Amino acid sequence: MRIMLLKGGSSPEFEVSLRSAQTIEAALRRLGHEVVAITIPRDGLMPAEVFTTRADLAYPVMHGHQGEDGIIQGLLEALGLPYVSEDVLTSAVGMDKAIQTALFRDAHIPVVETAVVERGESMPPLPEADEYIVKVACGGSSIGVEKCSPAELEAVIAKVLELDRRVLVQPCVKPLRELECLVYKDNRDGTKHFLGPVEVMASAPYFVYENKYSSAVSLIRPDKVDITQGTREALRDYALRAFDTIHGSLYMRIDFFLSDGRLTLNEVNTIPGSTPTSHFNILCEQAGGLDAVLDVLLHSALARKADHSREF
């Protein structure tokens, strides 16, 4: 196939996108596909090649704003191109941590107690804690995340509100273990696949951008993660339920906290990073490697497009 690979964009994770795209492009070429790589500049304006390139499929590798929030997906829908990503609505919900947390809670999937603070609005009741995590409602999985004491909370909320009109305030989960899973769907037969977990071992007490893409981060591979069989089964159940709750139709990484034997779903990531230190690549090893998973995703995206076409 001729595949249009989209990278860059207006997100602060611009450089990460370029590194992820290198990995994906190499894998697509190994699979025998022709790749037309297009860089969206930092101002987010679409180059003419996006509209003039003839392709069988689009593969957006754009993290955060413009990539994971439904914007690029809406453009690809308008162009009539099948694409390797969640659809517009699932992408938008997957990007909005406030909405997804409420949906998961309503679906009886355990989440961290969360208060949502909106710019210009009065402060809602906040959970009691000796330390807090404050993070943007809409952003990548590690941008705009701050840890603070109760005395620092008001100032930190104000700081993070400069990045987004809504922020989430949560108790800092301790002792903290972070487990990441991958769920993907083959739309040719409707089967859903669960991979993982890997356990993140970061240099900070929580996983932030500064250590996410550095050698300071290591992980424990799925066969070495020290959890009970019951916890493994719960992870699989919660991950598949989360995928269905926000109407997943292709793939997403789903991240959990584990503390004192209790699982809570942290967030989903609908375009996981694929840099050399990204965990998406490691998770794919359980299904034959990155190339094998990408091959399924390509054909699954085509099958989804065909199904949608038949609906009309």
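Residues numbered from 1 in each chain as written. Predicted model: local features only at pLDDT ≥ 70, side-chain atom pairs only at ≥ 80, totals over all residues. Heavy atoms only, no water.

Under an unreviewed UniProt entry, the name given to the chain is D-alanine--D-alanine ligase, and the organism recorded is Candidatus Aphodenecus pullistercoris. Within the UniProt record for the chain, the comment given under Catalytic activity (unreviewed entry) is "2 D-alanine + ATP = D-alanyl-D-alanine + ADP + phosphate + H(+)". The chain has a UniProt comment under Sequence similarities (unreviewed entry) that states "Belongs to the D-alanine--D-alanine ligase family." (UniProt positions renumbered as here; feature names shortened; annotations may be inferred.)

Chemist: How should the overall build of the chain be read in this particular structure?
Modeler: Along the chain, the regular secondary structure elements total ten helices and twelve strands. On C-alpha atoms alone, the chain measures out to a radius of gyration of 19 Å, which is about the 20 Å that the 2.2 N^0.38 rule sets for 312 residues. Summarising its shape, the C-alpha atoms of the chain cover approximately 55 × 45 × 40 Å along the three principal directions. For the chain, with 312 residues in total, the buried portion stands at 56%. (Helix = DSSP H or I, 4+ residues; strand = E, 2+ residues; numbered from the N terminus. Rg over C-alpha atoms; globule rule 2.2 N^0.38 Å. Buried < 20%, exposed > 50% of the residue type's maximum accessible area, 1.4 Å probe, protein only.)

Chemist: How should I be thinking about the sheet that holds strand E2 (residues 34-40) in this particular structure?
Modeler: Sheets are built from strands that pair by backbone hydrogen bonding, the pairs being arranged parallel or antiparallel. Read from one edge of the open sheet, three strands run E2-E1-E3, paired in parallel fashion. Where the open sheet ends on each side, the last strands, each with one partner, are E2 and strand E3 (57-61). The mean angle between the axes of side-by-side strands here comes to 25°, regardless of whether they run parallel or antiparallel. With seven bridges joining them, strand E1 (residues 2-8) and E2 adopt parallel strand pairing. Paired with Met4 across the strands is Val36, a residue of E2. (Pairing = 2+ DSSP bridges. Axes fitted to C-alpha atoms, helices over the stretch in contact; angles between N-to-C directions.)

Chemist: What is the right way to look at helix H8 (residues 229-245) in this model?
Modeler: Because an α-helix completes one turn every 3.6 residues, residues spaced three or four positions apart along the sequence face the same direction. In this model, H8 (17 residues) spans 24 Å end to end at C-alpha, consistent with the 24 Å of a helix rising 1.5 Å per residue. Looking only at H8, the buried set comprises Thr231, Leu235, Tyr238, Ala239, Leu240, Ala242 and Phe243. Its buried side turned inward, H8 meets helix H5 (97-106), strand E8 (177-186), strand E9 (191-201), strand E11 (251-259) and strand E12 (262-269). (Expected span 1.5 Å × (residues − 1). Contact = heavy atoms within 4.5 Å.)

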